[in-house]
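Residue strings, one per chain:
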Amino acid sequence: MKLIVKFNLALSLVILIGLAAAGYVSHELLQRNAREEILQNARIMMQGSLAARGYTISQINPLLQNQLNYEFLPQTVAAYAATEYFNELRKEYPDYTYKEATLNPTNPRDRAADWEADIVNTFRNNSSQTEIMGERDTPSGRTLFLARPIQIKDPACLRCHSVPDAAPASMISRYGTANGFGWQHNEIVGAQVVSVPMALPIQRADATFRVFMTLLVALVAFIFVLLNILLITLVVRPVKRLASIADRVSLGEMDVEEFPVRGRDEISTLAESFGRMRKSLVHALKMLES
């Protein structure tokens, strides 16, 4: 097997291992960054819902208290305001969802689906858990969800959710007495659930990975070709020429041309040593002939 073949086999093995390692690490890193971006979007949406709730409680609710004696206005309810806020957002981003999933809601649209009920029960069974994150498949693609518990910490909330007799008559008139009652102080009754589509960030990560690997393969191929050119020019050709001269000398051609010595690298040193050896051999032969 020729030297250039051995070199290329060894180099190819190193390159393949390097490309595989670089591909694996970069793919995992890009996918992790994409998921971090998705999670960050979910947390921003969650904070947006908390901001909408806080604004409703502190600024909207006090302005409409008197009207509640005559007509129940859902706009005064923090959960309703946060949900409506995100319903407006969904007009532009329909795959982003927010829901205050409740096991026993006053408004039927807030009733928890089966998978949301599992999340709520997880919070109820482990009150120290403050956040749940996961992934699920939906008709529009894979989504990441972020959930936080809804706990009754303000006793004022029980006015509308303890027993029907304590609730405003206007609310009873609108929603009836069948749902949304029996809540207890410090009870976890539901969960804020934000769902964010994963398709776009994952697609961007995959596209970045393909571009990175294409450029890396192109760079490696360029270096591979360049190394071969340098190896052939600086090593293989001089060694082959030197071997040819040595072969001719071994067959008795003493008048063969000398190998030109340029520089002080290993090939030049070898050629210089071979030149001295040939001169010594010629001198020895002349002495024998005389």
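Thresholds, definitions, all that
Residues numbered from 1 in each chain as written. Predicted model: local features only at pLDDT ≥ 70, side-chain atom pairs only at ≥ 80, totals over all residues. Heavy atoms only, no water. Helix = DSSP H or I, 4+ residues; strand = E, 2+ residues; numbered from the N terminus. Buried < 20%, exposed > 50% of the residue type's maximum accessible area, 1.4 Å probe, protein only. Pairing = 2+ DSSP bridges. Axes fitted to C-alpha atoms, helices over the stretch in contact; angles between N-to-C directions. Polar contact = N/O pair within 3.5 Å; in protein donor to acceptor, adjacent residues only side chain to side chain. Contact = heavy atoms within 4.5 Å. Parallel < 35°, antiparallel > 145°, perpendicular 65-115°, else oblique. Left-handed = near helix turned anticlockwise from the far one by under 90°. Nonpolar A, V, L, I, M, F, W, Y, C, P; charged D, E, K, R; others polar.

Draft legend 1. Summary view of unusual backbone geometry. For Asn186, which is not glycine, the phi dihedral falls at a positive 70 degrees. Summarising the element assignment, Asn186 is placed in the loop between α5 (169–175) and β4 (188–197). For Asn186, a relative accessible area of 43% translates into the label partly exposed.

Draft legend 2. Representation of the sheet that holds β4 in the model. Read from one edge to the other, the open sheet built from four strands follows the order β1-β4-β3-β2, with strand pairing classed as antiparallel. Two strands bound the open sheet, and with one partner strand each, they are β1 (97–102) and β2 (132–138). Neighbour-to-neighbour, the strand axes of the sheet open up by a mean angle of 30 degrees, direction not taken into account. Where strand β3 (residues 141–151) and β4 come together, nine bridges link them in antiparallel fashion. Opposite Ala147, over in β4, you have Val193 as the bridge partner.

Draft legend 3. The side chain of Ser26, seen in detail. Here Ser26 is to be found in helix α1 (residues 3–60). A relative accessible area of 12% places Ser26 in the buried class. Separated by 2.7 Å, the side chain of Ser26 and the backbone oxygen of Ala22 make a polar contact. Non-local contacts of Ser26, meaning those with residues more than four positions away in its chain, are made with Phe209, Phe212 and Met213.

Draft legend 4. Quick look at the packing of α1 against helix α6 (residues 199–250). Orientation of α1 relative to α6, taken along the N-to-C sense of each, is 160 degrees, at an axis distance of 10 Å. Classed by the angle they form, the pair α1 and α6 counts as roughly antiparallel. Seen along the crossing, α1 lies across α6 with a hand that is right-handed. Looking at the contact of α1 with α6 residue by residue, the classes come out as 25 nonpolar, eight polar and four charged.

Draft legend 5. Layout of the pairing of β3. Two elements, β2 and β3, share seven bridges in a ladder whose sense is antiparallel. Paired with Arg136 across the strands is Thr143, a residue of β3. Linking β2 back to β3 in an antiparallel pair, the connection comprises two residues.

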